[in-house]
Amino acid sequence: MIAADRIAEENELRLAWHEPDLHHAFDVITRYGLDPDAIVAEVARFSAAAPSWAVGTGGTRFGRFPIGGEPRTTEEKVDDVAVLNALTGANRTISLHVPWDDPADPAALRQHALERGIGFDAMNSNTFQDNPSTTNGGAVSYKFGSLCHTDAAVRQAAIDHNRRVIDLGVKLGSTAITVWLADGTNHPGQGNFRGQFERVADGLRLIHDHMPGDWHLYTEHKPYEPAFYSSVNNDWGSSLLLSQAAGDRAKCLVHLGHHLPNCNIEQVVSRLAMVGRLGGFHFNDSKYGDDDLTVGSITPYQLFLIFLELIEAGGGSLLDAAYMIDESHNVKDPLEDLIQATDNLQHTLALALCVDRDALAEAQARNDPAHCAEILQRAFRTDVRPLVAEARRRNGAALEPLAVYRAVGYRRQKINERGRAAVATGL
Ligand code: LRH
């Protein structure tokens, strides 16, 4: 862990410039007629779950370059997320992926996490890889899909696996499951679209009905990969239909990289929130496909517009939803990338909170597009870095998390402790 007093010491060294910067930022926001303290408080309230499958190095089919000192167990993944949270103050939960994470003693893991201030966010099932623990000991294969499969035994194995993931989540204190399916086809004519869809809907309903009353199920859409002709849950429309078919406590999860180029994702967010079926997010960014890059690093204005829709849906504060990061770190230190991702999320939330929504609504009503743009741009061009840093400081975290991460030499410590060859389970 990184000791709280070490972070306080590092912050102390930076107060000389932080305080005047913060003072100036407060002046600017007050001049907008907005409340800077409320913005700091809302940013301090924000948290995004860290993906257990991305605290190690990711890779592609062309290669993987482990960074060393990667977590070897789920406990060590929790340790790394606790360090991340100590620095950002905004990664209070971890999202597990089964069977990449399959603790033998869930109660002990829960206690381990509790002692480090980390909770368990939405669980993730995995019926996109054949694993004896998910295929009834290898009796079935998910090569041609899972819940959509034409063979009832394969569908049953997938349902049983998801139920086990829920049962494990209950023991860990989680209250949600995300179901992303690789199900689809690679060739025209290979599958019956309606048949596949209806089988998936039936399976999701059975999984939904296994959940305790306070749980939610998130359906996650994706247009392609690994299916390269059709995916059963291919877009927000299919995901909405599947969530409605599954049950009242099923909602849609929006993974930013799971949209075809030029899709208006902020409008998708608005639609799903409008019908009460927006459950959560997998935050990341993309240049081409599902690239799983650092959120806000490629399309920061789109992320700003998405947060604006979430504040709109939340009546002026951020909509209550499951905010999670889903990235793959091929060349960066995973923890450094997650620190930057979280900072980008905190930063973009603060920018969106700088929008004078009353003035925007008034300009929209008057059909004054230029003024609407002015209102958005004023907010987007505001320097909110001192507000974000202050929100972290108020959470006992670091004004400059990446600098402190490097200053304490955490990666070097972990390489010495876990070894250079240590590789985490995950993507
Ligand atoms: C699919 C996905 C899904 C996870 C998996 C690791 O692309 O984003 O959310 O289950 O990656």
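As a starting point, this report considers the structure included with it.

About the thresholds
Residues numbered from 1 in each chain as written. Predicted model: local features only at pLDDT ≥ 70, side-chain atom pairs only at ≥ 80, totals over all residues. Heavy atoms only, no water. Buried < 20%, exposed > 50% of the residue type's maximum accessible area, 1.4 Å probe, protein only. Helix = DSSP H or I, 4+ residues; strand = E, 2+ residues; numbered from the N terminus. Pairing = 2+ DSSP bridges. Near = heavy atom within 4 Å. Polar contact = N/O pair within 3.5 Å; in protein donor to acceptor, adjacent residues only side chain to side chain. Nonpolar A, V, L, I, M, F, W, Y, C, P; charged D, E, K, R; others polar. Axes fitted to C-alpha atoms, helices over the stretch in contact; angles between N-to-C directions. Parallel < 35°, antiparallel > 145°, perpendicular 65-115°, else oblique. Left-handed = near helix turned anticlockwise from the far one by under 90°. Contact = heavy atoms within 4.5 Å. Salt bridge = Lys/Arg side-chain N within 4 Å of Asp/Glu carboxyl O. Disulfide = S-S within 2.5 Å.

Before going further, it helps to examine the pairing of strand S13 (residues 322–325). The two faces of S13 match: Ala322 and Met324 on one face and Tyr323 and Ile325 on the other face are all buried. In this structure, strand S12 (residues 278–283) lies alongside S13, joined through four bridges in parallel fashion. If you follow His282 over to S13, its bridge partner there is Met324.

Taken together, Trp53, His97, Trp100, Trp180, Glu220, Lys222, His255, His258, His282, Asp290, Asp326 and Leu427 make up the full set of residues near the ligand. Contacts to the ligand include Lys222, whose side-chain N or O atom sits 2.9 Å from an oxygen atom. Split by residue class, the shell around the ligand holds four nonpolar, four polar and four charged.

Turning next to the packing of helix H2 (residues 15–31) against helix H14 (residues 385–394). At a closest axis distance of 9 Å, the pairing of H2 and H14 adopts a crossing angle of 120 degrees. Classed by the angle they form, the pair H2 and H14 counts as oblique. The handedness of the crossing between H2 and H14 is left-handed. Residues Leu15, His18, Asp21, Leu22, Ala25, Phe26 and Ile29 of H2 form the contact with H14, whose own contacting residues are Pro386, Leu387, Ala389, Glu390, Arg393 and Arg394.

To continue, consider the pattern of salt bridges. Per the stated rule, a full pass over the model turns up 26 salt bridges. When the shortest N-O distance is used, the salt bridge between Asp343 and Arg392 registers 2.9 Å. A residue pair is termed long-range when its members are at least 10 positions apart, and Asp343 in helix H11 (residues 334–353) and Arg392 in helix H14 qualify at 49 residues. Taking the relative accessible area as the measure of exposure, Arg392 reaches 5% and is therefore buried. Here Glu417 ties to Lys414 by a salt bridge, and the two come within 2.7 Å at their closest N and O atoms. Placement of the pair is Glu417 and Lys414 together in helix H16 (residues 410–418), with a separation of three residues, close to one helical turn.

Moving on, we get to the state of the cysteines. Enumeration over the complete set of coordinates arrives at zero disulfides. Here Cys252 is not disulfide-linked; the sulfur of Cys263 is the nearest cysteine sulfur, at 13 Å.

Turning to the sheet that holds strand S11 (residues 250–255), a few remarks are in order. Adjacent strands of a sheet form backbone hydrogen bonds with each other and so pair up, either parallel or antiparallel. Within the open sheet, the six strands sit side by side as S6-S7-S9-S11-S12-S13. Their pairing is parallel. Among the strands making up the open sheet, the edge pair consists of strand S6 (123–124) and S13. As judged from the four bridges shared by strand S9 (residues 216–220) and S11, these two strands associate in the parallel manner. Within S11, the residue paired with Glu220 across the bridge is Leu253. Sitting on the sheet, helix H10 (residues 300–313) is in contact with S12 and S13, with an inclination near 160 degrees to S12.

It is worth stressing that arrangement in space is one thing and function is another; only the former is reported here.
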